[in-house]
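As a plain string of letters, each chain reads:
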Amino acid sequence: MPELPEVQTVLDTLACQMGNPVIEDIRIMWENIIHGDSEQFVQKLKGRRIEGYHRLGKYLCFDCGDVMWISHLRMEGKFYLQQPQEPYDHKHVHVIFRLQDGRELRYHDTRKFGRMYVYDHMDDISEYPCFAHVGLDAFDEKLNGEWLYRRLHGRQITLKQALLDQSVIAGVGNIYADEICFALGLHPQTRVSRMRKKDFVRLVDEMRRILSGAIAAGGTTIRSYTSSLGVDGRFQLKLKVHSRKGQPCPLCAQEIKKIVVGGRGTYLCTHCQKKR
């Protein structure tokens, strides 16, 4: 699943390659992708100009003036910006946006897990109904060590589970959770109830450092993720532990292990990362 840096890369690339086009028409081949009434989705967006691009966690947000179009790529969602005459996979392309400049924005999703929403415009992006159970974005200025300590310290969950909880921090997934734990020198199974305020301050700092580095590198191209818009992620070249089972730790040279935490494959150095 694309995480915050990959979603930001897709958003930035779309903003650069599309600009501010008018959506001339929309063709929906798989209606379950659309949350709510698909005809209403088309009518609300048809004729609208994309005026701005935003992101909250793993959600893409397209500001269309009086309405906001929001897209969650989930596991395998991808956007392709193509000419109408270019062939496409009819089995896996589920929504086509015809732009006034003649191009088409095609939504491709092999798993059909992605979702799209359209809402009347609100001043606060976090107030849209699809974000009812989504926490603060990893770069939200309201998210700091004190806020995170108050939110997590009383819970009996592991650090890895806390990082993956989208109702607390929106945007961090499995890859970056492993990298954040390594940067903190903490075992992913560390209980957040045993962490101190200064640990949460460091967590926010390291999380943003790692995510910023990944955004600068265009995300991480692992398994099936690519931006699908001519941009290849390079952050996989900088990963310290994730997907490096059996390889030497970059700090101590001991072998990186793979375990399961909260049902997720987890990579770590058991020498450098201590459990509390």
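Residues numbered from 1 in each chain as written. Predicted model: local features only at pLDDT ≥ 70, side-chain atom pairs only at ≥ 80, totals over all residues. Heavy atoms only, no water.

J.: Describe the nonpolar core, naming the residues involved and giving the relevant values.
T.: Soluble globular proteins tend to pack their nonpolar side chains together in the buried interior. If you look at the biggest cluster of nonpolar residues, it comprises 33 residues, and the most contacted ones within it are Leu 148, Ile 169, Val 172 and Leu 203. Put simply, the parts of the chain that give this core at least two residues each are helix H3 (145-152), helix H4 (159-164), helix H5 (174-184) and helix H6 (197-216). Looking at which element gives the most residues to this core, the answer is H6, with seven residues. Setting aside residues up to four positions removed in sequence, Val 172 forms contacts with Glu 3, Lys 58, Leu 163, Leu 164, Gln 166, Ala 177, Ile 180, Met 207 and Leu 211. Listed in part, the 29 residues of the second largest apolar core include Ile 23, Ile 26, Ile 34 and Trp 69. (Core = buried A, V, L, I, M, F, W, Y, C linked by side-chain atoms within 4.5 Å. Buried < 20%, exposed > 50% of the residue type's maximum accessible area, 1.4 Å probe, protein only. Helix = DSSP H or I, 4+ residues; strand = E, 2+ residues; numbered from the N terminus. Contact = heavy atoms within 4.5 Å.)

J.: Help me get a handle on the environment of Arg 150, residues and values and all.
T.: With respect to the helices and strands, the residue Arg 150 is situated in helix H3. Taking the C-alpha atoms as reference points, Arg 150 and Met 18, 132 residues apart in sequence, are found 41 Å from one another.

J.: Can you tell me about the sheet that holds strand S8 (residues 115-120), naming the residues and giving the values?
T.: Strand order in the open sheet formed by four strands is S2-S3-S4-S8, with antiparallel pairing between adjacent strands. Either end of the sheet is taken by a strand with one partner, and the two such strands are strand S2 (52-56) and S8. When the angles between neighbouring strand axes are averaged without regard to direction, this sheet yields 20°. Across six bridges, the pairing between strand S3 (residues 59-64) and strand S4 (residues 67-72) is antiparallel. Counted as the bridge partner of Cys 61 is Ile 70 from S4. (Pairing = 2+ DSSP bridges. Axes fitted to C-alpha atoms, helices over the stretch in contact; angles between N-to-C directions.)

J.: Run through the sheet that holds strand S1 (residues 23-28), naming residues and quoting values.
T.: With antiparallel pairing, four strands are arranged side by side in an open sheet as S1-S6-S7-S5. Here the strands that pair on one side only, and so sit at the sheet edges, are S1 and strand S5 (78-82). Taken over all neighbouring pairs, the strand axes of this sheet differ in orientation by 20° on average, direction set aside. For S1 and strand S6 (residues 93-99), the ladder comprises five bridges, and the chain directions are antiparallel. Directly across from Ile 28, in S6, lies its bridge partner Val 95. Contacts from helix H1 (residues 4-18) reach S5, S6 and strand S7 (104-108) within the one sheet, and its direction differs from that of S5 by about 15°.

J.: I'd like a description of the packing of H3 against H6, backed by residues and values.
T.: As a packed pair, H3 and H6 sit with axes 8 Å apart at the nearest point and diverge in direction by 120°. Between H3 and H6, the crossing angle belongs to the class labelled oblique. You can see that H3 and H6 cross each other, and the crossing is right-handed. Contacts between H3 and H6 involve Gly 145, Glu 146, Leu 148, Tyr 149 and Leu 152 on the former and, on the latter, Lys 197, Phe 200, Val 201, Leu 203 and Val 204. Looking at the contact of H3 with H6, its residues break down into seven nonpolar, one polar and two charged. (Parallel < 35°, antiparallel > 145°, perpendicular 65-115°, else oblique. Left-handed = near helix turned anticlockwise from the far one by under 90°. Nonpolar A, V, L, I, M, F, W, Y, C, P; charged D, E, K, R; others polar.)

J.: Which residues make up the packing of aromatic side chains, and what values go with them?
T.: Under the defined criterion, the tally for this structure stands at 11 aromatic pairs. With 6.1 Å between their ring centres and 15° between their planes, Tyr 117 and Tyr 119 make a pair best called stacked. When sorted by exposure, Tyr 117 lands in the same class as Tyr 119, which is buried. Through pairs of rings, three or more aromatic residues link up here, namely Phe 41, Tyr 53, Phe 62, Trp 69, Phe 79, Phe 97 and Tyr 107. Between the NZ or CZ atom of Lys 112 and the centre of the ring of Trp 30, over which it lies, the distance is 3.5 Å. (Phe/Tyr/Trp six-rings, centres within 6.5 Å; stacked < 30°, edge-to-face > 60°. Lys NZ or Arg CZ within 6 Å of the ring centre and 35° of its normal.)

J.: Outline the state of the cysteines, listing residues and values.
T.: Per the stated rule, a full pass over the model turns up zero disulfides. Cysteine Cys 61 remains unbridged, with the sulfur of Cys 130 as its closest cysteine sulfur at 7.0 Å. For Cys 61, a relative accessible area of 0% gives the class buried. Sulfur of Cys 181: no disulfide; nearest cysteine sulfur belongs to Cys 269 and is 13 Å away. Note on Cys 181: relative accessible area 0%, which makes it buried. (Disulfide = S-S within 2.5 Å.)

J.: Could you give an account of the pairing of S4, with specific residues and numbers?
T.: A regular strand places its side chains so that they alternate between the two faces of the sheet. Judged by how many residues are buried, S4 sits mostly within the fold: six of six residues are covered. By the alternation rule, side chains of S4 split into Val 67, Trp 69 and Ser 71 and Met 68, Ile 70 and His 72, which are all buried. In this structure, the hairpin formed by S3 and S4 is closed by a connection of two residues, where Gly 65 is found at a positive phi of approximately 80°.

J.: Any chance you could break down the pattern of salt bridges for me, citing the residues and the numbers?
T.: Enumeration over the complete set of coordinates arrives at 18 salt bridges. Here Asp 25 and Arg 98 are joined by a salt bridge, their closest N and O atoms 3.7 Å apart. Here Asp 25 is found in strand S1, whereas its partner Arg 98 is found in strand S6, with 73 residues between them in sequence. Asp 25 gets classed as partly exposed once you look at its relative accessible area, which sits at 22%. The class for Arg 98 is partly exposed, based on a relative accessible area of 36%. (Salt bridge = Lys/Arg side-chain N within 4 Å of Asp/Glu carboxyl O.)

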